[in-house]
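Structure assessment
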Amino acid sequence: MENKCLDDLATEAGITSEYINAYGKLQAIPAEIRHRILEAMNTDIPVNRPVSHILTSSIPNVKVITQGQTVTLPLNDANSYQWQIYTEQEETFRGHCQYQLTLPTNLPLGYHTLTLSTRTEQDSNSQQQSMQLIVAPERCYEPEILINGEKLWGACVQLYTLRSENNWGIGDFGDLRYMLQELAQRGGAFIGLNPLHAIYPAMPENASPYSPSSRHWLNIVYIAVNQVEDFKHSAEAQIWWQLPETQLKLQQARQAEWVDYTTVMTLKMSALRLAYPQFKSRPDDDPQYIAFQQFVNKGGKNLYSQAAYDALHHKLHGENNTYWGWPVWPEKYREFDSDAVKEFCHSYPQEIDFFLWLQWLADSQLAECFTASQTNQMPIGIYRDLAVGVAQGGSETWCNRNIYCTKASVGAPPDILGPLGQDWGLPPMNPHVLKIQAYQPFIELLRSNMRHCGALRIDHVMALLRLWWIPQGETADKGVYVHYPVDDLLAILALESQRNHCLVIGEDLGIVPEEIIDKLRDRGVYSYKVFYFERNERGKYRSPDEYPIQAMATITTHDLPTLRGFWQNRDLTLGESIGLYPDKALLAELYAERRHCKQALLDGLIRHGYLSESDKSPQEPKESTLSALQQTTLPEQTEPPMSVAINQGVHCYTAHSNCALLGLQPEDWLDMTQPVNIPGTTEEYPNWRRKLTVTLEAMFADAHINQLLQTVSEHRKQVL
């Protein structure tokens, strides 16, 4: 009887009992897993049950509607009510109702307050209830150029991978600005970036952009120190800069094959700490000082808590390097609002102010990059990436503990490419608490990430509908899907998208349930089409005119092999070497499938005229000014390398696609083999560290690459 009660509660809470797996089969979820997830939620308020179930109110605490639609709210009793809607625009709507309230259809977009009042025979016993009413547009924002049918292209880069003659061993906002200018001159419309979220200054080797400390603030490692005025004007900083030891470390960091996060962060923090007193010496009426104060005031408690976390973490980790995050800090520091944290903030105000300054520098430089993209007439300019979650022990969970379920993590169930499943180690947001908080955490998250950009990619956009929750201590295959209020979240996404003039791209790869496909399309969210996966039921690659318009086409992604890596099976050989494919029979099937894929690729290129029969035999690429720098340190290839003709043919094929957007990776322009990330691994491979093989200056001076980009730009202008 108790188990049946738990099963019913789990179902009401949106915890599924079965799902269709990657092989198209119905997979049942054990009751024990569902019960453990229910326990991790620590709530009995399911998504679709009105909050009135708990609060005995006639109306829920939040209601999300689409502008112009007729919406009726049922009331719990037969009382006569007076209602008032006070809009964000300071307009007021009033009326009377009984049994139900039909909302006006002419409400403006925005966040409004609805108040419901009832009076008994004694006026003194008047009762009043309030709710937030969110009125959203039908669709997300789309730039006029896309509405008019033009097709745009750009580069998708992992910012840390960029080499240049000026950076400090990691790609930075200075490199981004330079690359935007160069790409704009070649017809590019945007640069898509990895998540720029705040990581851990005290632990720079925890470098995954998809496992951040906070998604509201920026990773300070991307500050271009040489462009900071107070660094250039500080005598102490410049003396340090000229030291032979500093220059030696700088050259070593630049020349390293992999990003040396510890050295880079040490260099940057040393420089910025020396520059900080110069900034503090500015008078109160100095424009930069005023801009800094405005940034801090606008950031409020959220920004202050980020700086407090970084300052406290820096102190604690310096004393004990096992203090990786607040769950293992001394207990007195585990709550942001604790007396011990308040005492720390009181005792170290300059340290907190320093970290506030770093966030301001990062935000200012990103803003300058976006302004530069607009000055260069790029229709989108920058498109940012919103990670699906945050790390368990970071600042975001430290500050809003209630909304995160730290006894579970999110990931993905087993599929063909990841037969063991994936555990991303990120605590999920509780959908019921999210609704209780009137979706404010989600709203703030969108606003933070729609700053200084023209588009936002939503990583694992299916999370708006459901997420794969894994109970603490279990393997990734022992999880279950938990549902989220998808219609409300998509409506809010559309509202914030319109307000911020920010296009939305949804990363909809993997197991995509049918029920969300139409919802995303109807709300104006652009799909994500990866060339590797775009094959029909007969195994043939889809022709360019079969691609949907409302989408971004790519050849590959940061989680997949490069084009050359795909051709040479590098993902399979690497996966085998680190134990990702324990089933040898499955691995043999994957190799066989890859052979079929490559043959289908050749057939498709030839069929559509992007490759001639004489070009299809693999051959070494033509000599280029970059050839000496394009060698890898991985073992000898077991497959013949891919030809230049095939590489260019794939670029032309995707460039000719119907998709409104095309995102290309510089790794494929450079004919690189090594991946930037192998999903499902942590220590087995140096994820998030592999750099591009050449500097930006050399890349944009290369005749072969310039010819390729010119060809891509011309194909994008052609109408099928």
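In every chain, residue numbers begin from 1 and rise along the written sequence. Reporting in this predicted model follows two pLDDT cut-offs: at least 70 for local features of residues, and 80 or more for side-chain atom pairs to be given and counted; totals over whole chains, interfaces and linings ignore these cut-offs and use all residues. In computing side-chain properties, one takes all heavy atoms of the structure into account and sets aside hydrogens as well as water.

In the annotation of an unreviewed UniProt entry, the entry for the protein reads 4-alpha-glucanotransferase, and the organism field reads Xenorhabdus littoralis. Regarding the protein, the relevant UniProt record gives this comment under Catalytic activity (unreviewed entry): "Transfers a segment of a (1->4)-alpha-D-glucan to a new position in an acceptor, which may be glucose or a (1->4)-alpha-D-glucan." The annotation that UniProt attaches to the protein under Sequence similarities (unreviewed entry) is "Belongs to the disproportionating enzyme family." UniProt positions are given in the numbering used here, feature names are shortened, and annotations may be inferred rather than shown by experiment.

Per the secondary structure count, the protein includes 24 helices and 23 strands. What you see for the protein is a C-alpha radius of gyration of 27 Å, in line with the 27 Å of a compact globule of 720 residues. With the C-alpha coordinates of the protein rotated into their principal frame, the extents come out at 90 × 70 × 50 Å. Counting all 720 residues of the protein, 59% fall into the buried class. Here the open area of atoms and residues is found with the Shrake-Rupley method and a 1.4 Å probe, where only the protein chains shown may cover a residue. Of the roughly 30,300 Å² of accessible surface on the protein, a fraction of 49% belongs to carbon and sulfur atoms. Here Asp and Glu are counted as negative and Lys and Arg as positive; His is not counted, and neither are the chain ends. The atom standing in for a charge is NZ when the residue is Lys, CZ when it is Arg, CG when it is Asp and CD when it is Glu. Mean positive and mean negative side-chain charge positions of the protein (59 and 85 charges, respectively) differ by 1 Å. Strands are runs of DSSP state E lasting at least two residues, helices are runs of H or I lasting at least four, and both sets are numbered from the N terminus onward. C-alpha atoms define the radius of gyration in this analysis, and the globule rule sets the expected value at 2.2 Å times the number of residues to the power 0.38. Summary of the burial criterion: residues with accessible area below 20% of their type's maximum are buried, those above 50% are exposed, and those between are partly exposed, where the area comes from a 1.4 Å probe applied to protein chains only.

Moving on: the environment of R542. Among the structural elements, R542 can be located in the loop between strand 21 (527–530) and strand 22 (551–554). For R542, a relative accessible area of 27% puts it in the partly exposed group. With 115 residues separating them along the chain, R542 and S657 place their C-alpha atoms 9.6 Å apart. Here, residues are in contact when the closest pair of their heavy atoms is within 4.5 Å. Here R542 is in contact with E534, R535, N536, Y547 and Y653, once residues within four sequence places are set aside.

Should a side-chain nitrogen of Lys or Arg be within 4 Å of a carboxyl oxygen of Asp or Glu, the pair is scored as a salt bridge. A complete count under the given rule lists 33 salt bridges for this structure. Of the charged contacts, one joins E88 and R499 as a salt bridge, the two residues approaching to 2.6 Å between their closest N and O atoms. In this pair, E88 is assigned in the loop between strand 5 (80–86) and strand 6 (92–98) and R499 in helix 16 (residues 486–499), connecting sequence segments 411 residues apart. In this structure, E396 and R215 form a salt bridge, with 3.3 Å as the shortest nitrogen-oxygen distance. Highlighted residues: E396 in helix 13 (residues 395–399) and R215 in strand 13 (residues 214–218), separated in sequence by 181 residues. Residue E396 shares its accessibility class with R215, and that shared class is buried.

This part takes up the packing of aromatic side chains. Working definition: rings of Phe, Tyr and Trp (its six-membered ring) pair if their centres are within 6.5 Å, and the pair is stacked with planes under 30 degrees apart, edge-to-face with planes over 60 apart, and tilted otherwise. Enumeration over the complete set of coordinates arrives at 30 aromatic pairs. Here Y276 and W357 contribute two aromatic rings whose centre-to-centre distance is 5.5 Å and whose plane-to-plane angle is 50 degrees, an arrangement assigned as tilted. Remark: W357 occurs in helix 12 (residues 349–375) and Y276 occurs in helix 9 (residues 261–280); sequence separation between them is 81 residues. Under the relative-accessibility criterion, Y276 is labelled buried at 8%. A relative accessible area of 0% places W357 in the buried class. Geometrically, the ring pair formed by F354 and F355 is edge-to-face, given 5.5 Å between the ring centres and 70 degrees between the ring planes.

With that out of the way, let us pick up the packing of helix 19 (residues 570–577) against helix 20 (residues 584–607). In this analysis, axes come from line fits to C-alpha atoms, helices being fitted only over the stretch in contact, and the angle between any two N-to-C directions falls in the range 0 to 180 degrees. Relative orientation of the contacting elements helix 19 and helix 20 amounts to 170 degrees, with a least axis distance of 10 Å. When the interaxial angle is binned, helix 19 and helix 20 end up roughly antiparallel. In this structure, helix 19 uses D571, L572, T573 and E576 to contact helix 20, whose residues at the interface are K584, L587, L590, Y591 and R594. Here the residues of the contact of helix 19 with helix 20 sort into four nonpolar, one polar and four charged. The scheme is simple: roughly parallel for angles under 35 degrees, roughly antiparallel for over 145, roughly perpendicular for 65 to 115, oblique for anything else. Residues are grouped as follows: nonpolar covers Ala, Val, Leu, Ile, Met, Phe, Trp, Tyr, Cys and Pro; charged covers Asp, Glu, Lys and Arg; every other residue, Gly included, is treated as polar.

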